[in-house]
Structures are given as C-alpha cells and as structure tokens.
Amino acid sequence: MSLPFHVLIIGGGIGGLTLAQGLRRARISAAVYERDRTLTNRLQGYRVHISPTGGLALHECLPPHLFAVFDRTCGAPTMAVRFFTEQMRLLLAFDGDLVASTDPVARHRSASRITLRQVLLTELDNVHFGKTFQRYKQEGGRITAYFEDGTSAEGDVLVAADGGGSRVRRQFLPDAQRVETGVVGIAGKIFLDTARDRIAGPLLDGISLVASRGGLGLFVAIQEIAGGPVGSIGGNEPALAGTGNLYENARSYLMWALSAKREKFGLADVEQADSAALVATATRTMAGWSRAFRELVGIADPTTISCLPIRTSVPHAPWRTSRITLLGDAIHSMTPYRGIGANVAIKDAARLTRALVSAHCGKRDLVEAINDYETGMLDYGFRAVRNSLKAMHQTVTDSLPGLMLSRLTMRAINALPPVKRIVARRLGEE
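The following refers to the structure shown. (Residues numbered from 1 in each chain as written. Predicted model: local features only at pLDDT ≥ 70, side-chain atom pairs only at ≥ 80, totals over all residues. Heavy atoms only, no water.)

Counting across every chain of the model gives 22 salt bridges. Here R142 and E154 are joined by a salt bridge, their closest N and O atoms 3.3 Å apart. With a gap of twelve residues between them, R142 in strand 9 (residues 142-147) and E154 in strand 10 (residues 152-155) connect regions that are remote in the sequence. Residue classification places E154 among the partly exposed positions, given a relative accessible area of 47%. Of the charged contacts, one joins D379 and R383 as a salt bridge, the two residues approaching to 3.3 Å between their closest N and O atoms. Linking D379 with R383, this pair stays in helix 12 (residues 366-395), spanning four residues, or about one helical turn. According to the relative accessible area criterion, R383 is partly exposed, its value standing at 31%. Three or more residues joined by partner-sharing salt bridges are found here, namely D71, R107 and R109. (Salt bridge = Lys/Arg side-chain N within 4 Å of Asp/Glu carboxyl O. Helix = DSSP H or I, 4+ residues; strand = E, 2+ residues; numbered from the N terminus. Buried < 20%, exposed > 50% of the residue type's maximum accessible area, 1.4 Å probe, protein only.)

Next up, the structure:
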C-alpha cells in the first residue's frame with residue numbers, strides 16, 4: 001500500500017536538486033527551498049569531477065533524457081591524471097585505459113558546475129527561491145519549516161541540503177562542528193582560445209597535481225568543451241553578463257588552484273585581497289618552480305582569480321533517527337583534495353531517494369528507511385571526510401621526510417603496473 005508523504009528539501013545545491021529529481025521521478029511529493037533569490041546566485045564558475053559512483057547516482061535520479069543532456073554537455077573525457085614535483089618531474093601517471101572508460105554511465109566526467117545545476121533545475125516546478133531557512137518545529141508526524149520572509153511550509157520529512165553552514169544542522173545537531181583547516185586556496189582560469197600555445201603540453205590532456213617543498217600544493221585541470229549547448233543548458237547565463245569571466249560557461253579553459261597554510265601566503269587577510277594581490281602572492285610563493293607551472297598564474301584571466309578558505313566537518317556520532325535528516329555538505333563537508341565532495345552528495349541523494357521510495361511504497365517504515373540511509377551515509381560520508389583531510393595534509397605538509405616518502409611511494413606505484421591498476425580504480429572514490 002502506498003503511504004503518501006511530502007518532503008521539504010532545504011537547499012538547492014547539487015545534492016538537494018539531485019534528491020528533488022529522484023523524488024520527482026518516483027512521483028513522491030517534494031519541494032525545494034533555496035535561500036538565493038534567483039537561479040544564478042549560487043553558481044560557481046569552475047569544473048567538478050563526477051566519478052563513476054556519481055555518474056551512476058545521477059543516472060538513477062535523473063530521467064533518461066536529462067541524463068543524456070548531462071552527458072552531452074560534459075567536457076571532453078579526462079585522458080590522464082599525473083603527479084609531478086614542482087620542477088615538473090613525473091612521479092606517477094594514470095594514462096589511457098586506466099582513467100578512460102567506454103561505460104556510458106559509470107565513467108569519469110568533467111562537468112561545469114554551472115551546467116550541472118542547469119540540468120538539475122530542468123523540469124523542476126517545485127523550487128522556491130528567496131527562502132532563507134530560519135527554524136523548524138516538529139509536532140507529531142508533521143514538520144513546519146519557517147523562513148525569514150515570514151512564510152512557512154509543512155511536510156512529513158525535512159532534509160537539510162543547505163551546505164556547510166547548514167542552519168538545519170545547527171538546530172538539529174547543535175554540537176556538530178565544521179572547522180577551519182588553516183589552509184586557503186588561490187585559483188584562476190586560463191581560456192584556451194587565447195592562451196593554449198602558452199601552456200605546457202603535459203597539462204593539456206587531464207589533471208595534474210603537485211605537492212611541493214615548502215608546503216604548497218597545485219591542482220591543474222582542463223575543461224575542454226566537447227560540444228555546444230543543448231537548448232538552454234550548457235551556455236552562459238544572461239543574468240551574469242558583465243560580471244567578468246569567472247562564470248564564462250561556453251569557452252574551454254584550464255583551471256589551476258594553489259593552496260597552502262594561510263601564513264605561507266603572507267597576506268593579513270588573503271580572502272579580501274584583490275586579484276592583483278592574489279596573483280602577486282601566488283607568483284612569489286612559486287618562486288623556484290618550473291616555468292611551466294609559474295606561467296599559469298600570469299596568463300590567467302584576472303577576472304577569474306578567487307580565494308577560498310578550506311574547511312572540514314568533524315565526524316559526528318550517530319543520532320536518534322527521526323523524520324529530519326541531512327545530506328551532502330550539511331553533514332559531511334570535506335576539503336576538495338580528493339575531488340569527491342559533489343559525488344558523495346549525489347550518492348547521498350540517490351540513497352535517500354531509495355529509502356523514501358521504499359517507505360512510500362509501504363515496504364518499510366519511514367523512520368526505519370531513513371535510519372538505513374543514515375547508517376550508510378555516516379560510514380562512507382565521514383570516511384570521505386577523513387580521506388580528503390589526509391590528502392590535504394599530505395599536499396601542504398612542511399615535513400620534508402614525509403614529502404620524500406610520498407614521492408618514493410608514488411614512484412614505486414608507477415613502476416608496478418598491477419598496483420597502479422588497483423590504485424586507478426579508486427581514483428575519485430571515497
């Protein structure tokens with residue numbers, strides 16, 4: 001017997017919208033409440049890696065025609081993942097069939113965050129913008145969400161998908177912590193139509209990573225536009241015209257991100273520095289690096305230079321399950337050093353959809369179904385948090401012996417094809 005209920009989703013990021021698409025496909029009543037006033041407010045102008053796990057979860061939640069659009073609007077397939085020293089000496093390379101796949105669903109993809117959000121918003125008529133969550137009240141089996149504009153909404157399930165600063169989490173799990181790591185990143189974009197010939201060849205066909213002496217880390221990745229927009233998906237947002245090129249969504253580019261402990265950059269308030277100061281800082285801290293890496297900073301489009309503090313959640317013990325639950329950064333916010341945060345949020349959405357479908361069909365008690373979701377999510381979600389934090393510490397370490405050991409390990413893996421294949425299978429997974 002079907003047991004109808006209504007789901008309130010607080011937050012319209014990748015995880016919340018994937019859940020909304022999954023519930024829509026399952027014909028379960030749901031609505032999304034997003035604090036931003038327009039669909040362009042939350043856009044981020046960089047690429048996001050979608051792993052095979054993320055691809056499978058999106059395929060599960062999206063209707064087939066929208067998954068096809070997502071697939072067609074992704075960048076060209078990543079052909080290599082390489083680890084270098086700061087002098088551009090190769091330590092470890094995953095090339096060809098180690099990263100490429102002919103599987104139409106479970107493969108690595110490079111997606112524009114802007115385009116992915118356009119896909120996820122398509123055909124959803126239940127997204128309400130300008131709704132800043134204030135608090136909730138639970139009475140019996142009903143939950144009321146209150147918003148700062150004085151409105152409210154009632155439902156049977158409340159899902160916190162409102163990101164790392166989740167207000168739902170603050171009320172539901174007031175002791176859950178999200179903390180500064182002390183690391184910050186400076187990032188920029190280089191558009192290939194004007195500067196491709198100024199970029200070293202090994203950086204043009206995949207992802208490159210560097211952990212250098214002195215505690216600096218560099219991430220470099222290509223977003224090669226493989227095809228044009230599909231209707232209104234994959235192009236530029238008209239509302240963002242005149243805001244610089246950070247949100248340029250139709251030109252191929254290389255992105256780089258330099259990270260270090262805050263004090264390494266030598267700026268009193270690096271987050272408030274303008275693009276010229278950030279470029280000067282990145283250039284100074286990369287003195288002595290290979291010219292191929294240093295030149296990336298100077299040829300980046302100045303309007304795309306940005307700075308981001310790196311935060312992480314603190315693993316939390318299980319709680320008593322109720323009709324209120326969480327997904328994505330709202331519970332297991334992680335550093336970007338494994339490139340898995342978006343994939344874990346998408347996986348959460350697919351698993352929570354499955355749980356809610358089983359309750360909706362009368363196969364499971366609703367709270368029991370949510371408990372099953374939470375048990376798995378807390379396991380793999382906080383494992384991803386720990387692994388990404390470990391990767392961050394390995395990247396920006398000041399320990400020369402630790403760095404040398406890491407490089408020795410990578411060279412050993414590179415020389416042992418069976419081991420390399422095993423490691424390659426774990427790329428991008430939690």
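Picking up after the structure, the text goes on.
Estimated volume of the second largest pocket: approximately 210 Å³. The wall of the second largest pocket is formed by 13 residues, among which D97, L98, V99, A424 and R425 lie closest to the centre. Of the residues assigned to the lining of the second largest pocket, the class counts are six nonpolar, two polar and five charged. (1 Å grid on protein atoms, 1.4 Å probe; cavity = no way out; pocket = protein on both sides within 12 Å on 5 of 7 lines; lining within 4 Å. Points joined across faces, edges and corners; volume = space filled by probe spheres on them. Nonpolar A, V, L, I, M, F, W, Y, C, P; charged D, E, K, R; others polar.)

Across all of its chains, the model carries six aromatic pairs by this definition. A centroid spacing of 6.3 Å and a plane angle of 70° characterise the contact between F191 and Y253, whose relative ring orientation is edge-to-face. With F191 in strand 12 (residues 178-191) and Y253 in strand 15 (residues 253-261), this pair connects stretches of sequence that are 62 residues apart. Taking the relative accessible area as the measure of exposure, Y253 reaches 4% and is therefore buried. Taken together, the ring pairs connect F84, W289 and F293 into an aromatic cluster. Its end group placed over the ring of Y46, K189 keeps NZ or CZ at 5.9 Å from the ring centre. Of note, R251 hangs over the ring of F191, and the distance from its end group to the ring centre comes to 4.1 Å. (Phe/Tyr/Trp six-rings, centres within 6.5 Å; stacked < 30°, edge-to-face > 60°. Lys NZ or Arg CZ within 6 Å of the ring centre and 35° of its normal.)

Quick look at helix 8 (residues 275-285) now. When we look at burial in helix 8, the residues that qualify are L278, T281, A282 and T285. Considered in projection along helix 8, the buried side chains sweep an arc of 95° and stay on one side of the axis. Considering only its buried residues, helix 8 is in contact with strand 12, strand 14 (216-223), strand 15, helix 7 (262-265), helix 9 (291-298) and strand 16 (306-313). (Arc of directions from axis to C-beta. Contact = heavy atoms within 4.5 Å.)

Take the packing of helix 1 (residues 14-25) against helix 2 (residues 52-61) next. Helix 2 packs onto helix 1 with a crossing angle of 40° between their chain directions and a minimal axis gap of 8 Å. By the angle between their axes, helix 1 is oblique relative to helix 2. Counted together, T18, Q21, G22 and R25 of helix 1 and L58, H59, E60 and C61 of helix 2 form the full contact between these two elements. When grouped by side-chain class, the residues that make up the contact of helix 1 with helix 2 number two nonpolar, four polar and two charged. (Axes fitted to C-alpha atoms, helices over the stretch in contact; angles between N-to-C directions. Parallel < 35°, antiparallel > 145°, perpendicular 65-115°, else oblique.)

Spatial ordering of the open sheet is given by 8-9-10, a layout of three strands whose pairing is antiparallel. Of all the strands in the sheet, the pair left with one neighbour each is strand 8 (133-139) and strand 10. Taking each pair of neighbouring strands and ignoring which way they run, the sheet shows an average axis angle of 20°. Pairing geometry for strand 8 and strand 9, over six bridges, is antiparallel. By the bridge assignment, E139 is partnered in strand 9 with R142. (Pairing = 2+ DSSP bridges.)

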